[in-house]
Amino acid sequence: ETGVTQSPTHLIKTRGQQVTLRCSSQSGHNTVSWYQQALGQGPQFIFQYYREEENGRGNFPPRFSGLQFPNYSSELNVNALELDDSALYLCASSLGGRSTEAFFGQGTRLTVV
Amino acid sequence: DQQVKQNSPSLSVQEGRISILNCDYTNSMFDYFLWYKKYPAEGPTFLISISSIKDKNEDGRFTVFLNKSAKHLSLHIVPSQPGDSAVYFCAAKAGTGANNLFFGTGTRLTVIP
């Protein structure tokens, strides 16, 4: 059984550029969530995908978008990068439902300069 | 608006003693609570959880207590070990179809040998 893996681990982008982050969910997990963790803060929910459909979104603008693929892997896309987008981006997978914990990847550290 | 709060950014405890990490929440719709541990350069790791229908859940050295009337939960680690040194996040979710977690800002625990 493989865990949640994210790529790349680190990334530097210029303000205004676009970025794509990738996540492979844990085997058997059909739900993927993305979180943004700014320095000194807890993770903030961006959105969640269940069976390739977005089924929940936090307080993030539309330039944050995502995809989930038939194998349940996922992408997070951010357009028109801003300096404040610099953060650790975490992907979490789960079986969904009310009382199951989410398993996190190691994160992608994005720096916008 | 921080719905989950961890008011102690750091805690130091002697090895072998009890560590008590606290968490408060404001949203009465939360019905499931989790604790995650995070080491540097790693994603959060699930530690223990509790449903709102319980007031205590125990797993080895870790016990979580929930006081719904006070909207307060705590994590007890006994005995504390140097390997427990990490950042601990409290998280909560409401029983909806979306699986998003609301996180606190974390407490850095240092266990002194």
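Treat the numbers as computed from the prediction; the structure is a model and nothing was measured.

Trainee: How should the state of the cysteines be read in this particular structure?
Mentor: Such a bond, covalent and formed between the sulfur atoms of two cysteines, is termed a disulfide. Residues and elements named next belong to chain B. The full count for this structure, using the stated rule, is two disulfides over all chains. Each disulfide pairs two cysteine sulfurs, and for Cys23 the partner residue is Cys90, the sulfurs being separated by 2.0 Å. Because the sign of the S-S torsion sets the handedness, a value of about -70 degrees for the bond joining Cys23 and Cys90 places this disulfide among the left-handed ones. Of this pair, Cys23 sits in strand S3 (residues 19–25) while Cys90 is found in strand S9 (residues 86–94), placing the two residues 67 residues apart along the sequence. Each member of the pair, Cys23 as well as Cys90, is classed as buried.

Trainee: Looking at this structure, I do not really get the layout of surface pockets. What am I missing?
Mentor: Where empty space is left can be seen by rolling a probe of water-molecule size over the atoms. Space inside the largest pocket adds up to approximately 500 Å³. In this structure, the largest pocket is lined by 25 residues; those nearest its centre are A:Gln37, A:Leu88, A:Arg109, B:Lys38 and B:Pro40. Of all the secondary-structure elements, those providing two or more residues to the lining of the largest pocket are S9 and strand S11 (107–112) of chain B. Looking at the lining of the largest pocket residue by residue, the classes come out as ten nonpolar, eleven polar and four charged.

Conventions we followed
- Residues numbered from 1 in each chain as written.
- Chains lettered and ligands numbered in written order.
- Predicted model: local features only at pLDDT ≥ 70, side-chain atom pairs only at ≥ 80, totals over all residues.
- Heavy atoms only, no water.
- Disulfide = S-S within 2.5 Å.
- Helix = DSSP H or I, 4+ residues; strand = E, 2+ residues; numbered from the N terminus.
- Buried < 20%, exposed > 50% of the residue type's maximum accessible area, 1.4 Å probe, protein only.
- 1 Å grid on protein atoms, 1.4 Å probe; cavity = no way out; pocket = protein on both sides within 12 Å on 5 of 7 lines; lining within 4 Å.
- Points joined across faces, edges and corners; volume = space filled by probe spheres on them.
- Nonpolar A, V, L, I, M, F, W, Y, C, P; charged D, E, K, R; others polar.

Everything listed here is a matter of coordinates, which is why it stays silent on function.
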